[in-house]
Amino acid sequence: MATNLIMCVFHVMICMLLSSPLITAKYIAIETLPKSCLQTYIVHVKLPRGRVLADSDELERWYISFLPGDEGPSTRLVRTFRHVATAFVAKLTSEEVKEMEKKEGFISARPQKKLSLHTTHSPSFLGLHQNLGLWKISNYGEGVIIGLLDTGIAPGHPSFDDKDMPPPPKKWKGQCEFSAGCNNKLIGARNFASDTWGPPVDDYGHGTHTASTAAGNFVPGGNVFGMANGTAVGMAPRAHLAMYKVCSDEGCYEADILAAMDAAIEDGVHVMSLSLGGGSIDFFDDIIAIGAFAAIQKGIFVSCSAGNSGPFDGSLSNEAPWILTVGASTIDRRIVATAVLGNKDEYTGESVFQPSDFPYEDMPLIDAGGNVTAGLCEPGSLDNIDVKGKIVLCQSGGWTDPIDKGQTVKDAGGAAMILMNKERDAYTTIADPHVLPATEVSYGAGVKIRVYISSTSTPRAAIKFRGTVIGFPSALTVASFSSRGPSLASPGILKPDIVGPGVNILAAWPESVDNYPNENATFNMISGTSMSCPHLSGIAALLKSAHPDWSPAAIKSAIMTTASQLDSAGGPIEDERHVTADIFALGAGHVNPSSANDPGLVYDLQPEDYIPYLCGLGYTDDEIETIVQKSVSCSNITSVPEAQLNYPSFSVELGGSTKTYTRTVTNVGEANSTYSVEIIRAKGVDVGVEPCTLSFSKVNQKMTYEIRFRKSSTPVVNGTFVQGAIVWRSAKRAVRSPISVKLVR
């Protein structure tokens, strides 16, 4: 008991010192004897009735009124918010929260959670070329500010050089916490990570990578270990960047994220990019969803990563319909390292480390999988196995990352490593900067290599390094790790929205990974929906620059309805198994920036349109107020089912009765244009659309159509998901909306 009390007191003292360095010793003594340990709570409240809080000081006094009334309550206050939520963060005990619940204006309080990160050639792959197309039309994103919430940034990197960059827009009110390094490219940099001090230096690399992916300037000769060599550039190279550090090696705390979103709105960003998140959660309890809603109320586009929990169904993060939820796909570039067996069979794999002095010759080949630990090549697991001078077959997975597995092989005297995928990762291979000659091969290849090893008493192999190969035939597949739908938080909204490049993406890095200490332009190649998200954030910036009057919903609609369904060879986009990707992996499809610039029609939404939808989710008035920051009475609002929201896709649960919904489209193409509907039928479902033709006579004209879903006579197993689409076609354009239907009795 005494030990627990001492630990509790120590924990409280440390937490309070971190949150308020000016706390006196006297106050610490008072506050170290609560009935239970202090925790960091996020508290949502209502504004006082009939009062307008004129400034931030008055708002803070209102927040402090909810805190315990003992000496120095304001020192309990960790953060306050103005734009993203009527809420504050405070150090409280559970008993104090129970007392707070009795106060008028209280809505909710819960301990904050820690979220995680979702961790060159891609502009060309996406059809972005200098002095042509969308880059030319949007002037490379000029005038748009992208705010990234991440691990910080390396300010002196050439990707953030401001050559040819204009000054930031006059509306910009942000700050730079670096003594040197901010310029007309990197116009803001702030540290909100409560577990780190000082300016927002990127000690992790993730934030530097995502920032340069979204809007890095042109850097000739970008490469890692000499691979993927070319001009490195972000999606919107003339857009401005603002970095808000919210993450460290320990993760990303919710209060820090919400504070950074609050600041980004105040500062004047146009696009907000978050390559981080948690699991599925109700929107009123989802800090990112709450902050993003405040952002769209100010016309700010919000792009978030879908998560790296694939290929499992229902594994999404960031599901709110006002967020663009981005999955990850491969591109047509591979960093090829081929495993050549003694029987002459060859298996293509990848590695970014390709030493020129490694001999291409047969070596003894050994399977480390004699036991589970050894097969995973965990540290020390090969100490009692003779691997000296041999190529070692290791299995992905366990607690050791691929590079450390290679270190285990190297430490044991192994000459090289073949790393076989986990079964669930199938053909998604990652090009890592290994510490020894290596190749990562598919699961199927690994199984065949194991069969070969067991078939002969003298198995041998070699690794042939083939460097960078562009135009790979199996380009554009959904990555195994990319999180999948359906949405659990809102099954009537189809998620993810879109997929974009997220596998083996070359971008800026704070330091050299190839041991060249004098290198100025340092790059790394990493993978994740963390990488696909800033691709879409940069593309959104291009669209915002080209169409400054488009709302966040209109930009999202343009991206979704013009997405590609086919890979570079003209076949359907596949998933990691090389099977046609389903709608919960692909969403609306793969982003096509040039087409998104000219979508013809858009499905627009205003912030108030989400309130009847939120009522339809069954949320209470207080829960909705937490999101929309104004008083709501669902009893006085006609709620709508999820599928009635004016979204660019459909997700329907269909039983014995017909379901009917409406959609309204806005003409953003030529004034005089006519669209006719094409229905791509979902198995077991009859779909009808009225009218079947939409004729427009002016720009920004709106027209509404009705869509009906009814079970057909074709028998389908109960609980089955089927998919189809409707496409509005004109002489020049195709506006596609994907359809997911869950068939129930």
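Reading the values: rules and limits
Residues numbered from 1 in each chain as written. Predicted model: local features only at pLDDT ≥ 70, side-chain atom pairs only at ≥ 80, totals over all residues. Heavy atoms only, no water. Pairing = 2+ DSSP bridges. Helix = DSSP H or I, 4+ residues; strand = E, 2+ residues; numbered from the N terminus. pLDDT = per-residue confidence, 0-100. Contact = heavy atoms within 4.5 Å. Axes fitted to C-alpha atoms, helices over the stretch in contact; angles between N-to-C directions. Salt bridge = Lys/Arg side-chain N within 4 Å of Asp/Glu carboxyl O. Buried < 20%, exposed > 50% of the residue type's maximum accessible area, 1.4 Å probe, protein only.

A. Quick peek at the pairing of strand 19 (residues 363-367). Judged from the two bridges that link them, strand 19 and strand 23 (residues 460-470) form a sheet pairing that is antiparallel. What sits directly across from Pro364, in strand 23, is Arg460. Bridge analysis of strand 19 against strand 20 (residues 391-395) gives three bridges, and the strand direction is parallel. Of the residues in strand 20, the one forming a bridge with Asp367 is Leu393.

B. Spotlight on the confidence of the model for the chain. Mean pLDDT over the chain stands at 90; residues scoring 70 or higher make up 92%. Taken as a whole, residues 1-35 scores under 50 in pLDDT and shows 32 contacts with residues more than four places along the chain or in a different chain.

C. Region of interest: the sheet that holds strand 29 (residues 659-667). Pairing in this open sheet of four strands is antiparallel, and the strands run 27-29-33-31 from one edge to the other. The sheet terminates laterally at strand 27 (601-602) and strand 31 (685-690), the two strands that pair on one side only. Pairing of strand 31 with strand 33 (residues 702-711) involves six bridges; the strand directions are antiparallel. When the bridges of strand 33 are listed, Asp686 appears paired with Arg710.

D. Local environment of the sheet that holds strand 2 (residues 77-80). Taken in spatial order, the four strands of this open sheet run 2-3-1-4, and their pairing is antiparallel. Of all strands in the sheet, those with a lone pairing partner are strand 2 and strand 4 (106-111), marking the two edges. When the angles between neighbouring strand axes are averaged without regard to direction, this sheet yields 20°. Bridge count for strand 2 against strand 3 (residues 87-92) is three bridges, and the pairing is antiparallel. Looking at strand 3, one finds that Leu77 is bridged to Ala90.

E. Quick peek at the pattern of salt bridges. As enumerated under the stated definition, the model contains 26 salt bridges in all. Close ionic contact of Glu99 with Lys102 constitutes a salt bridge, the shortest N to O distance being 3.0 Å. Residue Glu99 is classed as partly exposed on the basis of its relative accessible area of 47%. For Asp386, the salt bridge is made with Lys390, and the minimal N-O distance between the two is 3.8 Å. The network of salt bridges with shared partners includes Arg110, Lys113, Glu254 and Asp285.

F. Quick look at the side chain of Ser317. Structurally, Ser317 can be placed in the loop between strand 15 (301-305) and strand 16 (324-329). Excluding anything up to four places from it in sequence, Ser317 contacts His118, Gly277, Gly278, Gly279, Ser305, Ala306, Gly307 and Thr325.

G. Fine view of unusual backbone geometry. Here the residue pair Lys495 and Pro496 is connected by a cis peptide bond, since its omega of 0° sits within 30 degrees of zero. Along the chain, Pro496 turns up in the loop between strand 23 and strand 24 (498-501). Here the bond from Glu690 into Pro691 is cis, since omega is -10°, no more than 30 degrees from zero. Turning to its location among the elements, Pro691 is positioned in the loop between strand 31 and strand 32 (693-696). Within the chain, Gln629 stands out as a residue other than glycine whose phi angle is a positive 60°.

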